[in-house]
Every structure is written in C-alpha cells, then in structure tokens.
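# Breakdown of the fold
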Amino acid sequence: MPAPITEEQSRLDREALLDAAERLFYERGFRAVGMDQVRAACGLPLKRIYRFFPAKEELVVAMLRRRDARWRGSLAAYVERTADPRGRVLAVFDWLARWFAEPGFRGCAWINAFGELGSSSGPVLAEVRAHKRAFHEQLTVWTAAAGIAAEPVCLLAEGAMVMAGITGDPAPARQARAAAEALLGAAATR
C-alpha cells in the first residue's frame, strides 16, 4: 500500500499542476489544451488532477485567480517604488512595456480567457470580471493621488494590452504612456 500523501506534497502537486496549466493555457489557448496535455506536463495522474479540480473549468479559474495575485502584486511593487503620484501613473505603462517585451508574451490572460470561454463559462467570466475590477481599483488609487480620473487611464492600459497581444510589439505601452502623460499635463493646467 502506498504511503499517504502529506499536506505538503498535496500543496506541491497542486502548484505543479497550476504551473503546467498556466504555461500551456497561456501558450496555446484554453480550448486547445486538453487535460491529457496538462497531465503530461505536470506528471500527475489524471485521477489526482481531478481530485484537485473536478472540471477543466475549475482549473482555469484557479489558474487565473493565482495569476491575478502574482500579476497585480508585481505591478504594485513596481509602481509603488515611485514616490511621485504622477510618476506612479506613468510607471504603470513602464511596467506594461516590460511585460509586453517578455519572451512568450501572448497578451492578457484574462482577455484571452474571456475571448475563448467568456460566453460559455459563468465562472470564468466572473473571474475575468473580478480581475478587471481589481485592476481598475488599483489604478483608481494611483490616479486619484495624481488628480486624474481612472477610467481613461484604465482604457489606455487595457487598449495597450490588446494591441501588444495582437501585434507582438511593446510599442502600445509607450504610446499609451504618452497619452497618459497628456492627461496628467491637462489636469495640471486646470
């Protein structure tokens, strides 16, 4: 009889599963990747995978949720290194430019998930909306301190994500940064 699986081993297995799923889903797409491919990538038996996540949809939601915490945490750490409120708003676009230039960048995982699954999966749609809402709230803190509205900055950031994902070029982050700079300049002259 095999030894029972410890809590630590379960945690490690779950993380390995989420790592493999995230890599595959982001590289190839949510619909294109089957659970057999996830199994092969993480090395866990399907039975164990389905104990963690009884449905692929649950795995997608967990992967997006975990990615959200890491993504927004990285953004906040980068932006908050800048003391000046106006500089923080611009730092958002500097961080986006760095992200867009990373090898393997394939656009925003949540926009991708929405495009593939948003119309057919309520839980995925809810997770995408939760991420976008949290990002908007994060931007609201920084834009309010700089004296500008969050909505135009959010639209610039989201548009840059879409265009960079489509073109494979980090230039939309620089272009959106220039537009945000103009918004900040207009607010300063009022």
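A brief look at the structure comes next. Along every chain, residues carry numbers that run from 1 in the direction the sequence is written. Local features in this predicted model are restricted to residues of pLDDT 70 or higher, and side-chain atom pairs are both shown and tallied only at a pLDDT of 80 or more, whereas totals for entire chains, interfaces and linings draw on every residue. With hydrogens and water stripped out, all remaining heavy atoms of the structure feed into the side-chain values.

Here, patches come from residues exposed beyond 30% relative accessible area and free of salt bridges, joined within 9 Å for like charges and within 5 Å for nonpolar side chains (Val, Leu, Ile, Met, Phe, Trp, Tyr). Throughout, the Shrake-Rupley method with a 1.4 Å probe supplies accessible areas, and for residues the shown protein chains are the sole cover considered. Only one rule defines a salt bridge in this text: a Lys or Arg side-chain nitrogen within 4 Å of an Asp or Glu carboxyl oxygen. Side chains of V162, M163 and I166 sit close together on the surface and give an oily, nonpolar patch of about 280 Å² of accessible area. Numbering of helices and strands runs from the N terminus, with a helix taken as a DSSP run of H or I at least four residues long and a strand as a DSSP run of E at least two residues long. Here V162 lies in helix α8 (residues 150-167).

Below, the discussion takes up helix α2 (residues 35-42). Residues of α2 that are buried: M35, V38 and C42. Projected down its long axis, α2 shows its buried positions confined to an angular sector of 55 degrees, all on one face. One or two residues past the end of α2 sits G43, with phi positive at roughly 80 degrees. Per-residue accessibility, obtained with a 1.4 Å probe over protein chains only, is compared with the maximum for each type, and a residue is labelled buried under 20%, exposed over 50%, and partly exposed between these values. Throughout, the arc means that of the directions going from the helix axis to the C-beta atoms.

In this section: the environment of T140. By the secondary structure assignment, T140 is in helix α7 (residues 122-146). Note on T140: relative accessible area 31%, which makes it partly exposed. Once the C-alpha coordinates of T140 and V89 are considered, the two residues, 51 residues apart in sequence, prove to be 9.8 Å apart.

So, on to the packing of helix α1 (residues 7-28) against helix α4 (residues 56-79). Working note: a packed helix pair is described by the angle between its axes plus the distance between those axes. In the contact formed by α1 and α4, the axes pass within 10 Å of each other and the chain directions differ by 90 degrees. As summarised for this structure, α1 and α4 are arranged roughly perpendicular, according to the angle between their axes. Contact residues: R14, E15, L17, L18, D19, A21, E22, F25 and Y26 in α1; K56, L59, V60, A62, M63, R66, R67 and R70 in α4. The residue makeup of the contact of α1 with α4, split by class, is nine nonpolar, no polar and eight charged. All axes here are fitted lines through C-alpha atoms, helices being fitted over the stretch that makes contact, and every angle between N-to-C directions spans 0 to 180 degrees. Working definition: roughly parallel below 35 degrees, roughly antiparallel above 145 degrees, roughly perpendicular at 65 to 115 degrees, and oblique for all remaining angles. Any two residues whose heavy atoms approach within 4.5 Å at even a single point are treated as in contact. Put simply, Ala, Val, Leu, Ile, Met, Phe, Trp, Tyr, Cys and Pro go in the nonpolar bin, Asp, Glu, Lys and Arg in the charged bin, and everything else, Gly too, in the polar bin.

Read these as spatial facts, not as claims about activity.
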